[in-house]
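Summary of the model geometry
Single-letter residue listing:
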Amino acid sequence: MAELKNEYCMHTATCGELRIEDVDREVVLTGWAWHNRDHGGLIFCDLRDREGYVQVVVDPDCVSAEDFEKAEHLGREYVLKVVGKVRARAAEAVNPNMATGEIEVLASAITVLNTSVTPPFAIEDGIETDETMRMKWRYMDIRRPEMYQNLLLRHTVAQAMRNALNARGFLEIETPILANSTPEGARDYIVPSRPNPGKFYALPQSPQQFKQMLMCAGVERYYQIARCFRDEDLRADRQPEFTQVDIEMSFVEGYDVVDMMEGVMSEVLEAAGVHVEFPLQRMPYAEAMDRFGNDRPDIRFGMELVDITDIVKNTGFKVFSSVAQAGGVVKAINAKGAGDWSRGDVEKLAVIAEENGAKGMAWVAFTTDGQEKSPIKKFFTDEEWEALKAAMDVEPGDLLLFAASDYATVSAVLSALRLAMADRLNVPREGHSLLWVVDFPMFKYDEDEKKYAAEHHPFTHVFEEDLDKIEDAPLECLSYAYDLVMNGFEVGGGSIRIHNAEEQKRVLRRCGVSEEDIEVKFGHLIHALELGAPPHGGIALGLDRLVMLLAGKASIRDVIAFPKTSSASDPMTGAPNAVSPRQLKEVNLTLPSA
């Protein structure tokens, strides 16, 4: 815990720092009245500050009558200043569950610095309070020890990141918040420009282009703990405004950035009290998709996808054989421990499969008493059945879940089922597991837009041996892209960048960007690349998500001081809200009439 300095403030010690070694020490404490108890002549008050809490004893023989009366009428969350002496508790009164449980402070004077109305909820850990209520009264929520500890962890991680990068010669440089809109990716937040009627800034989704131009400027090593903005539908691990640790460095190639970041992450995790063995595993994208069905695998448990296409391509079960013969894939996972589930419980899993693109879900249950239950077994020959059991490493108590379709759909379906079954079977996922997923495809095909798009972003360098495929075989191009994955979440993504202007234009054209838009939207970057840009690469780490995982929380809202709700609103301030007609007129905007 960070030490709270006692200079230039009312107190001479903090509530949480006092120990048995401080007995007979005269102290001045400040904080909030947490719990108060009247024990027939003696009043006990647990005084809390950000460092912890300590028991204060108010004895009528040791304080003035006026101060004792104050103590008798203390309310929860009253702000107090207490003068007193540290003393040891009686042996039978020691509280082993408190850091300060061996001592107490005998008060000699009490000052009520401020009173408080009844708090909207209890200021303690583990409260069962609606999250919107907690966000409406966020400053009260942060008084709770667990919320404060989350923010302290965030501070620790951010400072450790700064220290590690500073030690490696990086410069912290700020890039603009008011920038230009980008034609690719998620929706921008736009800001009207009053001096330029009809024109708009965009809040940056990332400092990507600015940091590349800093490399062109010769800065060589840059970082920024950057605020970023993205107008998209929210989930537990996303917010409309978020923070990323943005990093870029020149004269790098291949895995140079990955190697450098392993040293940085080792120091950051150590500062956060987390031990992880380095170097980390580096898993190619194709392997991650084959084994886990997604590019951010949680490798703390098994239940991997198994390809059984060759086993079932001639089976009598036409759902499998028709897909296999048409060039699709058939895969399965083995959910060990679910073999005795009822048929009804198993078939409920089809909802998950259908939500991820499947038309249904086949299954086979191997009960612990040796039975084999499945509506599809009758379609298999004995040889096919035994081959299936061998491929899936079947034991009594296993449940096989299948998907048959195109590669992308099968991956999505079984990835979702794998995670759902891990939750429902309480599969152990303790500790933290990190790995790199590397060698991503450069392009993907966007069925909705009917065009190719960048898998990561269009500034990623294509493998040298694949440069001649950009125009004619884009889906065969691999790229120098890498993601840092932690516990099944992407916590960072980066790449070696394109530093050749012609390659950059080729990639943008392949993504459907017109020549006019290349100049209008990306001209500043293209011109920078034409003027002696060095080879460069970088990475951006999601600070919110990283701290969320380190804190063991399920939502990034728990590690952000003032977050938004899932509808991108702030219950505390009422944002977003309406503005006056005068404000709209100043920026040349009108709203449609109701």
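My aim in this report is to walk through the structure given alongside it, one point at a time.

Attention shifts here to the sheet that holds strand E20 (residues 481-486). Across the sheet, eight strands lie side by side as E6-E9-E10-E22-E21-E20-E17-E11; this open sheet has mixed pairing. Looking at strand neighbours, the two that pair on one side only are strand E6 (171-172) and strand E11 (281-284), the edges of this open sheet. In the sheet, strand E10 (residues 241-250) pairs with strand E22 (residues 536-542) via seven bridges, with the strands oriented antiparallel. Opposite serine 250, over in E22, you have histidine 536 as the bridge partner. Relative to the sheet, helix H6 (residues 256-271) contacts E10, E11, strand E17 (434-438), E20, strand E21 (489-496) and E22, its axis offset from that of E22 by approximately 30 degrees.

Counting residues in each nonpolar core, the largest one holds 44 residues, and the members touching the most others are Met161, Leu165, Ile247, Met261, Met265 and Trp436. Per-element accounting of this core gives the leading share, eight residues, to H6. What methionine 161 contacts, discounting residues up to four positions off in sequence, is Val245, Val264, Met265, Val268, Leu541 and Leu546. Of all hydrophobic cores here, the second largest spans 27 residues; its members include Met303, Ala350, Ile352 and Ala365.

In this section: helix H16 (residues 543-551). Along H16, eight of the nine residues are buried, which leaves the element largely enclosed by surrounding structure. Along H16, the residues classified as buried are Leu543, Asp544, Arg545, Leu546, Val547, Met548, Leu549 and Leu550. Just downstream of H16 lies glycine 552, where phi reads positive at about 70 degrees.

Using the criterion set out here, one finds twelve aromatic pairs in the structure. Judged by centre distance (4.6 Å) and plane angle (80 degrees), the ring pair of tryptophan 34 and tyrosine 53 falls under edge-to-face. Of this pair, tryptophan 34 sits in strand E1 (residues 26-39) while tyrosine 53 sits in strand E3 (residues 52-58); the two residues are 19 residues apart in sequence, bridging distant segments of the chain. Exposure remark for tryptophan 34: the relative accessible area of 8% places this residue in the buried category. Judged by relative accessible area, tyrosine 53 falls into the partly exposed class, the value being 27%. Here phenylalanine 463 and tyrosine 480 contribute two aromatic rings whose centre-to-centre distance is 4.6 Å and whose plane-to-plane angle is 45 degrees, an arrangement assigned as tilted. Residue phenylalanine 463 is found in the loop between strand E19 (451-454) and E20, and its partner tyrosine 480 is found in the loop between E19 and E20; the two are separated by 17 residues along the sequence. A connected cluster of aromatic rings, assembled from ring pairs, spans Phe317, Phe320, Phe379 and Phe402. Seen from the ring of phenylalanine 301, arginine 418 lies directly overhead, with NZ or CZ sitting 3.8 Å from the centre. The ring centre of phenylalanine 301 lies 5.5 Å from the NZ or CZ of arginine 429, which sits over that ring.

About the thresholds
The numbering scheme is per chain: residues are counted from 1 as the chain's sequence reads. Under the rules for a predicted model, residues below a pLDDT of 70 receive no local features and side-chain atom pairs below 80 are neither given nor counted, while totals for whole chains, interfaces and linings still include all residues. Calculated side-chain values reflect all of the structure's heavy atoms, with hydrogen atoms and water omitted. Following DSSP output, two strands are said to pair if at least two bridges run between them. Strands are runs of DSSP state E lasting at least two residues, helices are runs of H or I lasting at least four, and both sets are numbered from the N terminus onward. Residue contacts are counted whenever heavy atoms from the two residues lie within 4.5 Å of one another. Between the N-to-C directions of two axes lies an angle of 0 to 180 degrees, each axis being a line fitted to C-alpha atoms and, for a helix, fitted only over the stretch in contact. Buried Ala, Val, Leu, Ile, Met, Phe, Trp, Tyr and Cys residues that are joined via side-chain atoms within 4.5 Å together make up what is termed a nonpolar core. Exposed residues in this analysis have more than 50% of their type's maximum accessible area, buried residues have under 20%, and partly exposed residues fall in between, with area computed by a 1.4 Å probe over protein chains only. Two aromatic rings, drawn from Phe, Tyr or Trp (for Trp, its six-membered ring), form a pair once their centres lie within 6.5 Å of each other, and the interplanar angle then sorts them: stacked below 30 degrees, edge-to-face above 60, tilted otherwise. A ring is considered to have a charge above it if a Lys NZ or an Arg CZ atom is located within 6 Å of its centre and within 35 degrees of its normal.

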